[in-house]
Amino acid sequence: MTALVIAMDGPSGSGKSSASRGVARALGLRYLDTGAMYRAITWWMLHHGADLTDPAALAARAGAPVLSIATSPETPSVTVDGTDVTAAIRTAEVTGAVSAVSAVPEVRARLVAEQRALIGSGDIVVEGRDIGTVVAPDAPVKVYLTASPEARARRRTAELSGTTVEAQREAMARRDTLDSTRKADPLVMAADAVELDTTELTLDEVIAEVLRLVKERT
Ligand SMILES: Nc1ncnc2c1ncn2[C@@H]1O[C@H](COP(=O)(O)OP(=O)(O)OP(=O)(O)O)[C@@H](O)[C@H]1O
Ligand SMILES: Nc1ccn([C@H]2C[C@H](O)[C@@H](COP(=O)(O)O)O2)c(=O)n1
């Protein structure tokens, strides 16, 4: 199999990371978490005291952070200006701020260019919000993962401590609204993507279904 790009998009908590890593492992492909790149820029903006309510200020600094991201499905990691922020980008503070930073066109232009360079000649599973529509519109396999708000909130609550299903449902709904209503590259299903509702599926069943699609389309 050569030059394969599998685009995995969908709202927060739909299972993109878990399924993408599983598919990449099963097929011996690389794995790119584009959300981690937006989170890393957001971490840097917070760390440098940028005003997140001022898109022009964020745009002016969009090119400053030096990012490096690993594409191994076994040990995904990301550094900014040489600092490993793999864990730090998962805090509630970063999660609450990332939609504002990722709505800035200059931030997106920079990261989309880097994502395309990382994709290179392919053999990679790429997950995010705009992979099938913007980053890799020619990807031969495009999957749009969904799950009910209740299922997504329950799953996320199970992996975090000190939160509730209700709090997670509200936080996810807020982030989904921001991500799908922004002007630049909003979260939307590509016309040629296959929608996969994972509400009633185990992770293994989701991975098996994506592998079936890959076989069918390549
Ligand atoms: N089919 C599934 N059944 C049960 N739990 C699942 C399933 N898919 C994923 N999960 C769990 O749901 C949680 C969220 O999954 P994951 O992080 O992969 O979602 P995501 O779409 O990448 O989220 P985000 O966009 O917020 O990063 C994880 O704890 C994961 O283990
Ligand atoms: N291709 C992408 C990937 C992510 N984002 C933004 C929007 C998300 O809320 C945020 C964090 O992503 P996650 O780690 O939850 O997958 O990053 C985007 O705009 N485009």
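Reading guide: rules and limits
Residues numbered from 1 in each chain as written. Chains lettered and ligands numbered in written order. Predicted model: local features only at pLDDT ≥ 70, side-chain atom pairs only at ≥ 80, totals over all residues. Heavy atoms only, no water. Helix = DSSP H or I, 4+ residues; strand = E, 2+ residues; numbered from the N terminus. Buried < 20%, exposed > 50% of the residue type's maximum accessible area, 1.4 Å probe, protein only. Contact = heavy atoms within 4.5 Å. Near = heavy atom within 4 Å. Polar contact = N/O pair within 3.5 Å; in protein donor to acceptor, adjacent residues only side chain to side chain. Areas by Shrake-Rupley, 256 points an atom, 1.4 Å probe, with all protein chains shown as cover. Nonpolar A, V, L, I, M, F, W, Y, C, P; charged D, E, K, R; others polar. Salt bridge = Lys/Arg side-chain N within 4 Å of Asp/Glu carboxyl O. UniProt positions renumbered as here; feature names shortened; annotations may be inferred.

**What to know about the environment of T34**
Then, in step 1: Tracing the chain through its elements places T34 in helix α2 (residues 34-47).
Then, in step 2: Taking the relative accessible area as the measure of exposure, T34 reaches 2% and is therefore buried.
Then, in step 3: Separated by 98 residues in the primary sequence, T34 and G132 have C-alpha atoms spaced 12 Å apart.
Then, in step 4: In contact with T34, not counting residues within four places along its chain, are Q115, V126, E127, G128 and I131.

**Some words on the site of ligand 1**
Then, in step 1: Neighbouring ligand 1 are 17 residues, the closest being K16, S17, S18, R156 and E159.
Then, in step 2: K16 places a polar side-chain atom, nitrogen or oxygen, 2.7 Å from an oxygen atom of ligand 1.
Then, in step 3: The separation between an oxygen atom of ligand 1 and a polar side-chain atom of S18 is 2.5 Å.
Then, in step 4: Summarising the interface, the protein chains cover 80% of the accessible area of ligand 1, which totals 630 Å² for the free molecule.
Then, in step 5: Within the residue set of the shell around ligand 1, elements represented by two or more residues are α1 (16-27), α7 (149-159) and α9 (203-217).
Then, in step 6: Across the shell around ligand 1, the residue classes tally to four nonpolar, seven polar and six charged.

**A closer look at the pattern of salt bridges**
Then, in step 1: Enumeration over the complete set of coordinates arrives at 15 salt bridges.
Then, in step 2: Close ionic contact of R90 with D33 constitutes a salt bridge, the shortest N to O distance being 3.1 Å. Residue R90 is found in the loop between β5 (83-84) and α4 (92-102), and its partner D33 is found in strand β2 (residues 30-33); the two are separated by 57 residues along the sequence.
Then, in step 3: Under the relative-accessibility criterion, R90 is labelled partly exposed at 43%.
Then, in step 4: You can call D33 buried: its relative accessible area is 10%.
Then, in step 5: Its salt-bridge partner being R129, residue D179 comes within 3.7 Å of it at the nearest N-O pair.

**Some details on the UniProt feature "binding site: ATP" (unreviewed entry) in the chain**
Then, in step 1: The residues that UniProt annotates with the feature "binding site: ATP" (unreviewed entry) are G10, P11, S12, G13, S14, G15, K16, S17 and S18.
Then, in step 2: For G15, the position within the fold is in the loop between β1 (5-9) and α1.
Then, in step 3: Within the fold, S17 resides in helix α1.
Then, in step 4: With residues near it in sequence (within four places) discarded, S17 still touches Y31, D33 and E127.

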